[in-house]
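Below, each chain spelled out in residue letters.
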Amino acid sequence: MKLGIGTAQFGLDYGISNQDGKIREEEVEKILNLAVENGIQVLDTALAYGTSEEVLGKMLPLNHKFKIITKTPHFSKSCITYDDAQFLEDSFYKSLRTLNQESIYGLLIHNVNDVFVENGHFLIDKMLDFQKYGLIEKIGVSLYTGEDIDKILERYTIDLIQLPINILDQRLIRSGHLYKLKELGVEIHARSIFLQGLLLMNSEQIPPYFNSIKEQIKDLHNFIISQGLSPLQAAIAFINYLQEIDIVIVGLNNYQHLQEIIDAAQKSILLSLEDFYPFGITDPYILNPTNWRI
């Protein structure tokens, strides 16, 4: 499995299961060192992740080998203007300065709806300029649904897609969208493989908002335990079966969490992908954290 590190917790108190809050800088340094030791290259950040870019800019060594990906601001408008495209440019250059980088691996549209509105192509055109001048290697989008994938592919040629997938959220497997993207040569980064830690929580810890699936998570955990696995090992094993995935972005609460993820990724699992199929759901109010009301 090719792991990448999601850095939201570097700059925010982020994640439903995160009891520690924002990660301290000395802990970030240990995480980055452990990543280097284990060949982890991708770091995923965003303007919206609080001080994450600032922390990375301070902690990354000058000659590092990390592939950094950041994201655009969200415009929330019905029409994109030239001023918006200029704001994207200004924001991107600010990110480069904050990250202390001359160029980065990728830039993603953070909210895919920004490129579906009138003149949304202005944003993609600006990103293509960055690519042309060697400031980014790949342009892409972060999205949630198969409908979003279809709309993107109809309008634009992109290099990279970041999408959610986990034991509960199997929609893009069943719809064939993972296969479709891979056939087109799009690099696929999986995120939310723990669903912000919800899949790792025992039933007593789960907030009342998720009462509708509490029994299902309990059944999942009982099945996992019967196989001699931990929820973490099962969540990673599920993603490991998906050959279309190029990079798995994992969120962390601390250094020990990353070590546990690395250990789990190296464990030999005898289950098959089909063993997890009964646990898939389709409710967007559970699967999409932007819909959560906790």
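As a reminder, the structure under discussion sits directly above these lines.
Presented here is a report on the structure given in the accompanying data block.

The rules behind the values
- Residues numbered from 1 in each chain as written.
- Predicted model: local features only at pLDDT ≥ 70, side-chain atom pairs only at ≥ 80, totals over all residues.
- Heavy atoms only, no water.
- Helix = DSSP H or I, 4+ residues; strand = E, 2+ residues; numbered from the N terminus.
- Rg over C-alpha atoms; globule rule 2.2 N^0.38 Å.
- Buried < 20%, exposed > 50% of the residue type's maximum accessible area, 1.4 Å probe, protein only.
- Contact = heavy atoms within 4.5 Å.
- Areas by Shrake-Rupley, 256 points an atom, 1.4 Å probe, with all protein chains shown as cover.
- Pairing = 2+ DSSP bridges.
- Axes fitted to C-alpha atoms, helices over the stretch in contact; angles between N-to-C directions.
- Salt bridge = Lys/Arg side-chain N within 4 Å of Asp/Glu carboxyl O.

## Considerations on the overall build of the protein
Scanning the protein for helices and strands turns up 12 helices and 8 strands. The C-alpha radius of gyration of the protein comes to 19 Å, within 12% of the 19 Å expected for a compact globule of 294 residues. Its C-alpha atoms give the protein principal-axis dimensions of roughly 55 × 40 × 35 Å. Taking all 294 residues of the protein together, 54% fall into the buried category. Of the contacts made within the protein by residues no fewer than 6 positions apart, 76% connect residues no fewer than 24 positions apart. Put simply, the protein shows about 13500 Å² of open surface, and 47% of that area lies on carbon and sulfur atoms.

## Quick look at the sheet that holds strand E8 (residues 247–251)
Taking strand neighbours around the barrel as the criterion, the 8 strands line up as E1-E2-E3-E4-E5-E6-E7-E8 in a closed arrangement whose pairing is parallel. Mean inter-strand twist for the sheet, computed between neighbouring axes without regard to direction, equals 25°. As paired elements, strand E1 (residues 3–6) and E8 share 4 bridges and run parallel to each other. Of the residues in E8, the one forming a bridge with Ile-5 is Val-250.

## Some points on the environment of Glu-102
Relative to the assigned elements, Glu-102 resides in the loop between helix H4 (82–99) and strand E4 (104–109). Judged by relative accessible area, which is 73%, Glu-102 ranks as exposed. The spatial distance from the C-alpha of Glu-102 to the C-alpha of Glu-37 is 24 Å, given a sequence separation of 65 residues. Residues within four places of Glu-102 in sequence aside, it is in contact with Leu-96 and Leu-135.

## Some words on the pattern of salt bridges
Pairing between side chains becomes possible if they bear opposite charge and their charged atoms approach one another. Counted under the stated rule, the structure contains 11 salt bridges. Here Asp-84 ties to Lys-77 by a salt bridge, and the two come within 2.9 Å at their closest N and O atoms. On the basis of relative accessibility, which here comes to 9%, the residue Asp-84 falls in the buried class. For Lys-77, a relative accessible area of 35% gives the class partly exposed. Here Lys-138 makes a salt bridge to Glu-187, at a shortest N to O gap of 2.5 Å. Pair noted here: Lys-138 is in strand E5 (residues 136–142) and Glu-187 is in strand E7 (residues 187–191), with a separation of 49 residues, a long-range link. Note on Glu-187: relative accessible area 11%, which makes it buried.

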